[in-house]
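Structural overview for review
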Amino acid sequence: MADKSIKITVENIFKIFGSNPDSVMDQVRAGASKSELLEKTGHVIGIRDVSLKIPAGETFVIMGLSGSGKSTLIRHFNRLIEPTAGKIIIDDVNVMNLGEAALREFRRNKISMVFQRFALLPHKTVLENVIYGLVIAGMKKAAAIVHGMEQIDLVGLNGFENHYPNQLSGGMQQRVGLARALATDAEILLMDEAFSALDPLIRNDMQDQLKELQARLHKTIVFITHDLDEALRIGDTIAILKDGELRQVGSGAEILLNPADDYVERFVRDVNRARIVTIGSIARPAAQLACSKVTAASCKKLLTTQEAIIVTEAGKPKNIISREFFARYGSAGLKSKKSETDDVACINQSATLEESFSMLANSDEMAVVIDEGSKPVGVITPKVVLKAMARC
Amino acid sequence: MAENFPQIFDTRSFRINIDEAFNWIVANYGEPLEILFLPVLKMLIVMEKFLQWLPWYVVLIALSGLTYLACRSWKATLGTAVMMFLIGVIGIWDPAMSTIALMLTSTLLAVLVGVPVGVIMSRSNTMQSITLPVLDIMQTMPIFVYLIPFVMLFGPGKIPALLATIVFAIPPVIRLTNLGIRQVDAEVIEGVTSFGATPRQRLMTAQIPLAMPTIMAGINQTTMMALSMVVIASMIGAGGLGYQVLQGIQRLEVSRGLLAGLGIVFLAIIFDRIAQAYGRRMQQHLHMGS
Ligand SMILES: Nc1ncnc2c1ncn2[C@@H]1O[C@H](COP(=O)(O)OP(=O)(O)OP(=O)(O)O)[C@@H](O)[C@H]1O
Ligand SMILES: [Mg+2]
């Protein structure tokens with residue numbers, strides 16, 4: 001989106017592993033493939049010519065299969081790995097030009113990281129781990145503890161501050177990792193497969209918690225995952241990486257609906273669409289009919305191609321007349337429809353299919369799709385929902 | 001008769017050169033070196049005198065207490081007490097105290113030198129590939145070979161005994177410090193680095209603490225090797241239990257050698273137990289679960 005300011009700019013980053021990366025750069029730029037280069041020179045391409053713009057306050061997901069270079073890429077942002085070529089600009093500062101001391105300051109204040117296997121210090125308590133970044137940056141212990149307790153509170157670990165990491169479950173340990181990263185008040189949060197080591201249930205919890213935290217804190221989050229469902233769930237923008245190359249960048253819907261190439265296509269094939277596709281995108285159009293105007297004649301005219309929604313004088317949906325219903329009961333049925341007082345089932349158009357299941361299960365046959373202002377925009381039936389899911 | 005190996009160059013003059021060079025060092029630097037190591041000698045003597053001055057039951061209780069703290073087992077504690085008591089009973093208390101003093105002093109110095117060397121070694125692969133063969137040579141070279149240069153430099157006495165013991169006993173602590181630091185989980189190191197730790201902070205807050213069980217294993221081995229050196233060190237004037245063994249050989253008294261040998265075994269068991277239990281205790285905190 002154009003109105004967001006760009007926080008991180010990645011410009012033409014290359015990373016080659018091996019004894020003399022610079023010597024093979026020409027071949028790489030000329031387009032040598034990964035296996036070709038490995039065979040000929042013994043060098044491995046980690047990242048090839050990646051450029052990205054990451055907006056401030058967004059959750060930016062980088063996705064790819066194992067070995068696609070995700071960890072390598074994310075480690076460039078805080079320079080745990082130095083690129084072979086290219087640069088990274090964060091808030092107008094070229095991170096590649098930072099000297100040793102400036103780099104330390106940058107890591108202490110600006111950017112923090114959560115790791116796949118937590119990377120906690122096993123000989124320190126939860127609290128000591130959480131305030132680690134503050135203490136090494138020279139904050140007074142008392143102040144650091146106050147601040148650390150706030151973070152522990154934030155991730156819901158009260159009462160565990162004096163436990164050691166090995167006394168906690170995986171999910172709890174990762175909460176410690178998250179609290180530690182939040183404690184330095186860094187604007188940028190790097191998360192390298194932060195939830196991959198957790199059970200599915202705990203993982204869902206953590207994803208929810210991250211979304212909730214993000215809604216409050218508005219950090220710029222770079223999140224790595226190999227799980228498309230996770231990417232779609234928490235990412236505002238998703239970048240897909242293969243063999244160190246960027247294949248596609250876009251919102252979840254963009255990637256689902258218009259995969260850039262076969263690789264992305266195969267990636268999204270197995271995705272759980274129920275979580276991504278919104279009700280609005282599959283709703284069927286319907287005519288609107290004010291309550292007082294419901295007559296056999298008007299219905300006959302309207303109900304040739306679509307259903308009709310009876311609305312109150314204020315425009316609120318009140319009931320639905322389907323073509324089938326009208327054909328079966330005629331004008332006698334209309335009367336009962338008009339006098340029914342129960343509210344008709346309504347589903348917000350931005351709800352995902354999955355979120356609509358319970359609503360649809362409880363409604364008789366159809367439900368009204370409404371927009372943010374509670375105005376009806378169409379109708380939906382369980383059949384349509386099932387069809388949308390079956391299409392994949 | 002088999003054919004003799006042909007003489008390719010004159011080893012005699014080669015050896016003479018080495019010997020002369022070393023003699024020159026002894027002549028010119030012997031005295032400054034001796035002065036340099038005087039504080040170490042003082043430390044050793046003070047420790048020895050202090051241990052011998054302490055009433056026997058104080059030492060016995062102190063060592064038993066240490067055993068209990070490390071092992072948390074009454075059996076082990078009782079064992080220590082009984083063994084220390086037996087050392088007194090068989091009349092080798094004083095030599096045992098000087099042996100403990102020599103062992104503790106040389107272990108302490110070996111650790112003070114060895115841990116930093118191990119840390120440096122862990123920082124660079126070049127450093128490691130240079131140091132490892134040197135350590136191999138140090139460990140396989142017959143112990144007696146060390147005695148010659150040290151005795152020449154300092155004359156027979158406690159300093160050469162101490163130094164030879166340190167040289168002999170230092171390799172494990174260097175090796176295992178290096179190994180321990182290299183084995184620390186790379187992600188944890190990335191973790192502390194990503195929060196802006198300086199190399200020094202990284203060493204003190206992550207690498208050393210996480211390598212501690214391995215370093216402790218090295219210190220344990222160093223202690224045991226120092227103890228095994230006491231007999232040989234006694235030949236150049238270290239005194240202690242080793243000297244009793246040596247006297248046993250000289251006077252052909254089996255009993256003297258046997259009792260002193262028993263004393264060495266007792267000390268070895270006691271210190272091994274303490275060091276090992278301490279290492280395990282540390283390990284528990286570090287590696288359980290996760
Ligand atoms: N230190 C290294 N030396 C040599 N090659 C490396 C090094 N680190 C990574 N690579 C190579 O770079 C490529 C990308 O590795 P990376 O760890 O970034 O993948 P990833 O996407 O994070 O995979 P995973 O999902 O398994 O974590 C791989 O082919 C890997 O072999
Ligand atoms: Mg990875």
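What counts as what
Residues numbered from 1 in each chain as written. Chains lettered and ligands numbered in written order. Predicted model: local features only at pLDDT ≥ 70, side-chain atom pairs only at ≥ 80, totals over all residues. Heavy atoms only, no water. Helix = DSSP H or I, 4+ residues; strand = E, 2+ residues; numbered from the N terminus. Near = heavy atom within 4 Å. Polar contact = N/O pair within 3.5 Å; in protein donor to acceptor, adjacent residues only side chain to side chain. Areas by Shrake-Rupley, 256 points an atom, 1.4 Å probe, with all protein chains shown as cover. Nonpolar A, V, L, I, M, F, W, Y, C, P; charged D, E, K, R; others polar. Contact = heavy atoms within 4.5 Å. Salt bridge = Lys/Arg side-chain N within 4 Å of Asp/Glu carboxyl O. Phe/Tyr/Trp six-rings, centres within 6.5 Å; stacked < 30°, edge-to-face > 60°. Buried < 20%, exposed > 50% of the residue type's maximum accessible area, 1.4 Å probe, protein only. Expected span 1.5 Å × (residues − 1). Arc of directions from axis to C-beta. Patch = residues over 30% accessible without salt bridge, like charges linked within 9 Å, V, L, I, M, F, W, Y side chains within 5 Å.

**Digging into the environment of I45(B)**
Turning to its location among the elements, I45(B) is positioned in helix α2 (residues 38-53). In the structure, I45(B) is positioned 216 residues away from G261(B) in sequence and 23 Å away in space, judged by C-alpha atoms.

**Notes on the site of ligand 1**
All names here are of chain A. As a structural note, the neighbourhood of ligand 1 is formed by F17, K34, V44, L65, S66, G67, S68, G69, K70, S71, T72 and E193. Separating an oxygen atom of ligand 1 from a backbone N or O atom of G69 is a distance of 3.0 Å. Between ligand 1 and S71 there is a distance of 2.6 Å, counted from an oxygen atom to a side-chain nitrogen or oxygen. Taken by itself ligand 1 offers 640 Å² of open surface, and the protein chains cover 60% of this. In terms of residues, the shell around ligand 1 owes the most to one element, helix α3 (residues 70-77), which gives three residues. Counted by class, the shell around ligand 1 contains three nonpolar, six polar and three charged residues.

**A word on the interface of chain B and chain A**
In this complex, chain B contributes 24 residues to the contact, which on the side of chain A involves 28 residues. Inspection of the chain B/chain A interface yields two salt bridges. A salt bridge links R117(A) to D185(B); the nearest nitrogen and oxygen atoms lie 3.5 Å apart. Applying the counting rule to chain B against chain A returns eight residue pairs in polar contact (both at pLDDT 80 or more). When contributions to the side of chain B that touches chain A are tallied by element, the ones reaching two or more residues are α9 (186-194), α10 (199-228) and α13 (254-287) of chain B. Element by element, the count of residues in the side of chain B that touches chain A is highest for α9(B), at seven residues. The residue inventory of the side of chain B that touches chain A, partitioned by class, reads ten nonpolar, eleven polar and three charged.

**Describing the packing of aromatic side chains**
For the coordinates displayed, the defined rule picks out ten aromatic pairs over all chains. Between F325(A) and Y329(A), the ring centres sit 5.0 Å apart and the planes meet at 50°, which makes this aromatic pair tilted. Residue F325(A) and its partner Y329(A) are located together in helix α14 (residues 323-339), separated by four residues, close to a single helical turn. Classification of F325(A) by relative accessible area gives buried; the value is 16%. Residue Y329(A) is classed as partly exposed on the basis of its relative accessible area, which comes to 45%. Seen from their ring centres, F37(B) and F154(B) are 5.7 Å apart, and the 85° between their planes marks the pair as edge-to-face. Taken together, the residues F37(B) in the loop between α1 (11-36) and α2 and F154(B) in helix α7 (residues 143-154) connect sequence positions 117 residues apart.

**A word on helix α4 (residues 74-89) of chain B**
Residues and elements named next belong to chain B. Over its 16 residues, α4 runs 22 Å from end to end, which matches the ideal 22 Å to within 8%, given 1.5 Å per residue. All of the buried residues in α4 are A76, T77, T80, A81, M83, M84 and I87. The buried residues of α4 occupy an angular sector of 165° when projected down its axis, which confines them to one face. Of the exposed residues in α4, the ones pointing more than 90 degrees away from its buried face are W74, K75, L78 and V89. Where α4 begins, the capping side chain belongs to S73, and its oxygen is found 3.3 Å from the backbone nitrogen of K75.

**Points about a nonpolar patch on the surface**
Residue and element names in this part refer to chain B. There is a patch of nonpolar side chains on the surface, built from W56, Y57, V58, I61, L78, V82, F85, L86 and V89 and spanning about 870 Å² of accessible area. Elements supplying a minimum of two residues to the nonpolar patch: α3 (56-71) and α4. With five residues, α4 is the single largest residue contributor to the nonpolar patch. Note that W56 resides in helix α3.

**Structural notes on unusual backbone geometry**
The phi angle at D185(A) is positive, at roughly 55°, despite the residue not being glycine. You can see D185(A) is positioned in the loop between α8 (170-183) and β7 (188-192). The class of D185(A) is partly exposed, set by a relative accessible area of 46%. One non-glycine residue, R72(B), adopts positive backbone phi at about 55°. Looking at where R72(B) falls in the secondary structure, it is placed in the loop between α3 and α4. For R72(B), a relative accessible area of 48% puts it in the partly exposed group.

Coordinates in, geometry out; function isn't part of it.
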